[in-house]
Amino acid sequence: MEPQPAFNSSEPKEKTILKLKLNTDPRWVDIASKNIEDILVDHAYCEQKAASTGISLIVKYPDKTRLVDELTALVAEEWAHFERVLLELRKRGYELGPQRRDEYVVQLLTHVRRGDHRDRQLMDMLLVSALIEARSCERFKLLWQHIPDPDLSKFYYELMVSEAAHFVAYVDLAKEYRAPQEVEARLQELLKIEGEIITSLPVRDDRMH
């Protein structure tokens, strides 16, 4: 029996969970599905960087017990995702290829308040990480629903569920170290910024974001 979605995939419910202000341009999935080698290569590096971000947070905040424990598990899952994407590349005779600059992530990270209060900076990093997971989840959903390759469709369904859980985990962690009201207010600010970034970037056939 095929697994069922962990959440209702209707747009209102998805927006409640992921809270994104702007949907992906529908042209993206059409052009991405025709250029799956570049998409898989970029996706592999996205998973690698997600694992690296988790490790960096653990190293920077070793005194945060819950953060260390939860991100240790998340890092292991992200690296397992990297290995799975690598396998999909190998199955199709593709190489990993060079890393590409992720302009979406670069722009989001400029809104982390550096040199600010230590826990406030942590909150920003956790929320930016949450937004990256949310956008990835939304794009995995598009690939699951529309990509013509049935194996990749199933693959992206499974990763979609994981990314939704990661979004929730990062937001919950932020609320562990800052007041929930402050976290929600900052999340709304960053969601607006994220939507503006998505609007400003070109629709590319070789990038996951």
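To keep things clear, this report deals only with the structure shown in the data block. On a predicted model such as this, the values are computed, not experimentally measured, just so you know.

Of all hydrophobic cores here, the largest spans 36 residues; its most connected members are Leu57, Leu67, Leu71, Tyr104, Leu126 and Leu127. Residue assignment for this core shows that the elements contributing at least two residues are helix 3 (36–60), helix 4 (65–91), helix 5 (103–109), helix 6 (118–146), helix 7 (150–177) and helix 8 (180–200). For this core, the element with the most residues is helix 6, which contributes 10 residues. Contacts of Leu67, omitting those with residues within four sequence positions, involve Leu57, Ile58, Tyr61, Thr72, Leu122, Leu126, Leu173 and Tyr177. Core analysis: the next-biggest nonpolar cluster, separate from the first, contains 27 residues, Ala32, Leu40, Val85 and Leu96 among them.

With 29 residues, helix 6 should cover 42 Å at 1.5 Å per step; its first-to-last C-alpha distance of 42 Å lies within 8% of that length. Judged by how many residues are buried, helix 6 sits mostly within the fold: 24 of 29 residues are covered.

We now examine the environment of Leu159. Along the polypeptide, Leu159 turns up in helix 7. The class for Leu159 is buried, based on a relative accessible area of 0%. Once the C-alpha coordinates of Leu159 and Ser136 are considered, the two residues, 23 residues apart in sequence, prove to be 9.1 Å apart. Ignoring any residue separated from it by four or fewer positions in sequence, one finds Leu159 in contact with His43, Glu47, His81, Arg84 and Phe140.

With that settled, the discussion passes to the environment of Glu194. Note that Glu194 resides in helix 8. Between the alpha carbons of Glu194 and Leu131 there is a distance of 7.6 Å; along the sequence they are 63 residues apart. Once you skip the residues sitting within four places of it in the chain, Glu194 turns out to touch Leu20, Tyr104, Leu108, Leu131 and Arg135. Within polar-contact distance, the side chain of Glu194 engages the side chain of Tyr104 at 2.7 Å.

It is the contact of helix 3 with helix 6, at a shortest axis distance of 12 Å, that shows an interaxial angle of 160°. The angle between helix 3 and helix 6 places the two elements in the roughly antiparallel class. Here helix 3 runs over helix 6; the crossing is left-handed. Mapping the contact onto sequence places His43, Glu47, Ala50, Thr53, Leu57 and Lys60 in helix 3 and Arg118, Gln121, Leu122, Met125, Leu126, Ser129, Glu133 and Phe140 in helix 6. For the contact of helix 3 with helix 6, the per-class residue count stands at six nonpolar, four polar and four charged.

Looking now at the packing of helix 6 against helix 7. Two numbers describe how helix 6 lies on helix 7: the axes approach to 8 Å, and their chain directions differ by 160°. Accordingly, the angle class assigned to the pair helix 6 and helix 7 is roughly antiparallel. Every pair of crossing elements has a handedness; the one defined by helix 6 and helix 7 is left-handed. A class-by-class count of the residues in the contact of helix 6 with helix 7 yields 22 nonpolar, four polar and four charged.

Cut-offs used in this document
- Residues numbered from 1 in each chain as written.
- Predicted model: local features only at pLDDT ≥ 70, side-chain atom pairs only at ≥ 80, totals over all residues.
- Heavy atoms only, no water.
- Core = buried A, V, L, I, M, F, W, Y, C linked by side-chain atoms within 4.5 Å.
- Buried < 20%, exposed > 50% of the residue type's maximum accessible area, 1.4 Å probe, protein only.
- Helix = DSSP H or I, 4+ residues; strand = E, 2+ residues; numbered from the N terminus.
- Contact = heavy atoms within 4.5 Å.
- Expected span 1.5 Å × (residues − 1).
- Polar contact = N/O pair within 3.5 Å; in protein donor to acceptor, adjacent residues only side chain to side chain.
- Axes fitted to C-alpha atoms, helices over the stretch in contact; angles between N-to-C directions.
- Parallel < 35°, antiparallel > 145°, perpendicular 65-115°, else oblique.
- Left-handed = near helix turned anticlockwise from the far one by under 90°.
- Nonpolar A, V, L, I, M, F, W, Y, C, P; charged D, E, K, R; others polar.

None of the figures reported here should be taken as evidence of function without further support.
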